[in-house]
Amino acid sequence: MLQDIEPYLACPHCAQALTLDGRTLRCPGGHSFDIAKQGYVSLLAGDAHTGTGDTAEMVAARSDFLAAGHYRPIADALADAAAATAPEGLVADLGAGTGHYLAHVLDALPARPGAALDISKYALRRAAKAHPRIGAVVCDAWRPLPLRDASAGLVLNVFAPRNGPEIRRVLRPGGTLLLVSPTPRHLRELVTALGLLSVDEEKQRRIDEKLGPHLTPAGRQEVEFTLRLSAADVRTVVGMGPSAWHTDRERLAARLAGLPDPVEVTASVTVAAYRR
């Protein structure tokens, strides 16, 4: 809930501390932010653009796919890595979506509060209800995050934008970023058959280069397993990811008809740790 993360929040306009006053967050500078009836709060600056946020349709697809347990090995690996860091203070999930992974991590970290940060209000309506210790906040990952300096012991980033300077700023000294990113083998059978967006072979190197000035690599593991997906599952996994923005629906439907049902698909990600 938002009261659990109130001590860690900062005003997006003046960076001063925010305090709860009924159903409103206020700062000493006179800025105020009302809590939506769905339980989240928007701490977006007035000129922010939300067009890159996941749509209601994409969020529903992601929620269905994750609830079915298809990516459970990824959530388990992330929770195990989080528990091994034994963080103090806030767990912040940058690009949290529906809060699925954050909730899984909080189950492994008793008494830790969690902040679900995302630009999609549709996603945060679900994240606000995903776990009793999650507070959901609408924000832009590419702007200054509405968190106080050195407020988080652990930052999660799962298939989401990575703002190195801001992640460093909000992490405590010795704090950890756990970053989940797809390998070039991720969903490769669907990429080939359906013409989906592929993962750059140099993706991990580029991530390390961008984070390098701000954080120190602290180990990584690959998590790879085989999914057996029905035709409905395939439509869902396509609809929940970046290919949803770039795939022609009629062409996709025609290609889907040519796939076996079910189809075996490779899931392959890297879980990498970085420390401040």
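Please read all numbers here as calculations on a predicted model, not as lab measurements. (Residues numbered from 1 in each chain as written. Predicted model: local features only at pLDDT ≥ 70, side-chain atom pairs only at ≥ 80, totals over all residues. Heavy atoms only, no water.)

Caption draft 1: Summary view of the nonpolar core. Ranked by size, the top nonpolar core spans 56 residues in total, and within it Y71, L78, L190, L194, L227 and V234 carry the most contacts. Dropping the residues within four chain positions of it, L78 is found in contact with Y101, V105, L156, V158, L178, V180 and V271. By size, the runner-up hydrophobic cluster in this structure holds 34 residues, among which are I35, L171, L177 and I207. (Core = buried A, V, L, I, M, F, W, Y, C linked by side-chain atoms within 4.5 Å. Buried < 20%, exposed > 50% of the residue type's maximum accessible area, 1.4 Å probe, protein only. Contact = heavy atoms within 4.5 Å.)

Caption draft 2: Looking closely at the pattern of salt bridges. Applying the stated criterion across every chain, the model contains 14 salt bridges. Between D200 and R206 there is a salt bridge; the shortest N-O distance is 2.9 Å. Connected via shared salt-bridge partners are D149, E166 and R169. (Salt bridge = Lys/Arg side-chain N within 4 Å of Asp/Glu carboxyl O.)

Caption draft 3: Up close: helix α8 (residues 203–211). For α8, the full list of buried residues reads K203, Q204, I207 and L211. Axial view of α8: buried residues confined to an arc of 95 degrees, hence all on one face. In the core, the buried residues of α8 are packed alongside α6 (164–170), β9 (171–182), β10 (216–229) and β11 (263–275). (Helix = DSSP H or I, 4+ residues; strand = E, 2+ residues; numbered from the N terminus. Arc of directions from axis to C-beta.)

Caption draft 4: Highlighting the sheet that holds strand β8 (residues 152–158). A sheet is described by the order of its strands in space; here eight strands give the open sequence β4-β7-β6-β5-β8-β9-β11-β10, paired in mixed fashion. Every interior strand has two partners, whereas the edge strands, β4 (41–42) and β10, have only one. Pairing of β9 with β11, which is carried by seven bridges, proceeds in the antiparallel orientation. Paired with L177 across the strands is Y274, a residue of β11. (Pairing = 2+ DSSP bridges.)

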